[in-house]
Amino acid sequence: MLIIGAGRCGTALSHLLGAEFSPYRVVGFLDDDPAKQEKVMGSPKVLGPTERFKEIASKMRVNTAILAITHDRPSGLVRRVLEARLNGMSIMEMPTVYEVLTKRVPVEHICDHWLLFTDGFYLVSKEYMQKVKRLVDFVLSALLLMGTLPITVLSALAIRFDSPGPLFFKQERVGKNGLVFVLWKFRSMRQDAEQNGAVWAEEIDSRVTRVGKWIRLLRIDEIPQLYNVFRGEMSLIGPRPERPEFIQELEKQIPYYGIRHSVRPGITGWAQVNYRYGASVEDALRKLEYDLYYIKNMSLLLDFKIILKTIGVVLFGQGAR
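Overview of the structure.

The next subject is the overall build of the chain. Check the secondary structure of the chain and you find 14 helices and nine strands. The buried share of the chain, taken over its 321 residues, is 49%. When contacts within the chain are restricted to residue pairs at least 6 apart in sequence, those whose partners lie at least 24 apart make up 69%. Total accessible area on the chain is roughly 17,300 Å²; 59% of this is exposed by carbon and sulfur atoms. Measuring between centres, the 44 positive side-chain charges of the chain sit 4 Å from its 35 negative side-chain charges.

Together, Val132, Leu135, Val136, Phe138, Val139, Leu140, Leu143, Leu144, Met146, Phe230 and Leu300 line one region of the surface with nonpolar side chains, adding up to about 930 Å² of accessible area. With nine residues, helix H7 (residues 127-147) is the largest single contributor of residues to the nonpolar patch. Among the structural elements, Met146 can be located in helix H7. For Met146, a relative accessible area of 57% corresponds to the exposed category.

Packed helix pairs are specified by the crossing angle of their axes together with the interaxial distance, meaning the distance between the axes. Viewed as axis vectors pointing N to C, helix H1 (residues 8-17) and helix H4 (residues 94-102) meet at an angle of 30°, and their least axial separation amounts to 11 Å. Viewed along their axes, H1 and H4 adopt a mutual orientation that is roughly parallel. In terms of crossing hand, the pair formed by H1 and H4 is left-handed. Within the contact between the two elements, H1 uses Cys9, Leu13, Leu16 and Leu17 and H4 uses Met94, Val97, Tyr98, Leu101 and Thr102. Looking at the contact of H1 with H4 residue by residue, the classes come out as eight nonpolar, one polar and no charged.

Our focus in this paragraph is the side chain of Ser141. Structurally, the position occupied by Ser141 is in helix H7. Only 3.0 Å separates the side chain of Ser141 from the backbone oxygen of Phe138, close enough to count as a polar contact.

The next thing to look at is the sheet that holds strand S2 (residues 28-30). Neighbouring strands of a sheet are bound in pairs by backbone hydrogen bonds; such pairs are parallel or else antiparallel. Sheet architecture is open: five strands sit in the order S3-S2-S1-S4-S5, paired in parallel fashion. Across the chains shown, the open sheet's two edge strands, defined by having one partner strand only, are strand S3 (46-48) and strand S5 (90-93). With direction set aside, neighbouring strand axes in the sheet form an average angle of 35°. The strands touched by H4 within the sheet are strand S4 (64-67) and S5, with S5 carrying the most contacts at an inclination of about 75°.

Membership of the largest hydrophobic core comes to 45 residues, with the highest contact counts inside it found for Ile254, Trp270, Tyr294 and Ile306. At eight residues, the largest contribution of residues to this core is made by helix H13 (residues 281-296). Of all hydrophobic cores here, the second largest spans 16 residues; its members include Met1, Leu13, Phe29 and Leu101.

What follows is about the pattern of salt bridges. Tallying each qualifying case throughout the model produces 18 salt bridges. One salt bridge in this structure joins Asp32 and Arg80, with 3.4 Å as the shortest N-O distance. One end of the pair, Asp32, is in the loop between S2 and S3; the other, Arg80, is in helix H3 (residues 75-86), with 48 residues separating them in the sequence. Looking at Asp32, the relative accessible area reads 39%, which means it is partly exposed. Ionic pairing is found between Asp303 and Lys133, a salt bridge with its closest N-O pair at 2.8 Å. With Asp303 in helix H14 (residues 300-316) and Lys133 in helix H7, this residue pair connects regions lying 170 residues apart in the sequence. Summarising the burial analysis for this pair, Asp303 and Lys133 share the class buried. Sharing partners across several salt bridges, the network here consists of Arg104, Glu108, Glu282, Arg286 and Glu289.

What follows is about H4. For an α-helix, 3.6 residues make a turn, and residues three or four places apart therefore share a direction. Across the nine residues of H4, seven count as buried, placing the element largely inside the fold. For H4, every residue scored as buried is listed here: Met94, Pro95, Val97, Tyr98, Glu99, Leu101 and Thr102. Remark: Lys103 follows H4 within two positions and exhibits a positive phi of approximately 60°.

The rules we used
- Residues numbered from 1 in each chain as written.
- Predicted model: local features only at pLDDT ≥ 70, side-chain atom pairs only at ≥ 80, totals over all residues.
- Heavy atoms only, no water.
- Helix = DSSP H or I, 4+ residues; strand = E, 2+ residues; numbered from the N terminus.
- Buried < 20%, exposed > 50% of the residue type's maximum accessible area, 1.4 Å probe, protein only.
- Contact = heavy atoms within 4.5 Å.
- Areas by Shrake-Rupley, 256 points an atom, 1.4 Å probe, with all protein chains shown as cover.
- Lys, Arg positive; Asp, Glu negative; His and termini not counted.
- Charge placed at Lys NZ, Arg CZ, Asp CG, Glu CD.
- Patch = residues over 30% accessible without salt bridge, like charges linked within 9 Å, V, L, I, M, F, W, Y side chains within 5 Å.
- Salt bridge = Lys/Arg side-chain N within 4 Å of Asp/Glu carboxyl O.
- Axes fitted to C-alpha atoms, helices over the stretch in contact; angles between N-to-C directions.
- Parallel < 35°, antiparallel > 145°, perpendicular 65-115°, else oblique.
- Left-handed = near helix turned anticlockwise from the far one by under 90°.
- Nonpolar A, V, L, I, M, F, W, Y, C, P; charged D, E, K, R; others polar.
- Polar contact = N/O pair within 3.5 Å; in protein donor to acceptor, adjacent residues only side chain to side chain.
- Pairing = 2+ DSSP bridges.
- Core = buried A, V, L, I, M, F, W, Y, C linked by side-chain atoms within 4.5 Å.

Written as structure tokens, this is what we have:
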């Protein structure tokens, strides 16, 4: 296939399509920038301008092209791509290909138009499916609260004897439609952990207590969040809820960050089972790519897949901090 556009978006796509798992082979770029003609952009090179689209496609014997110019497309380029499509060429958009291959939505390379007309987001708008998901959350959270009662009691005793302070750690988080709620967790840090303000957890965090280290590793500190699920503030599966202090900054720096708040946040989610613990704006951006994929492709089958992967994450202690 050919890639239309040899900019940052196109070269990122070229690297992705060059991976071993990719079913595609890129033969070159098309780009109208005179400075890029015949230059090597990674492995394939720029073969010519888009006005030679038909000629180059015929010469290279390709019948598929990916449009990797996602913002500010010149009208002349759009007409040439449309003409190629009407002549039998298969045209794909970079965000769609990226999503299929990585199971993420490329936040930096999408626009309002793509979000408006792309397939997906069905369950977000279907009220009856949201009610089914809420019913499942209600029943399972009640059963899990009762089933984990022995672990809850033992953890509470261990926390009480390990360090002074409350058993539970309560913190404001942002939920569905931007509503703020109080999230419950077992306390795993010193009582004065945030006396200087809100900060992300570090790889080796000196604020974590001896018991806190283990309940974090085994995800036991998350058990009280089942109460949030039972109350309807959270779901078992969805984007992790973030703190209001961080969200104000993240929404300024990351496009479409607010879409996360179109669904209930979850105890676990697609980002949690596919990406490491996030502790920076860059991590928040990558996790948003997974969160948007989940929201776009929400289904009970995907939820079940996340539950299975979560069990694996807990068993092997991946991503705990």
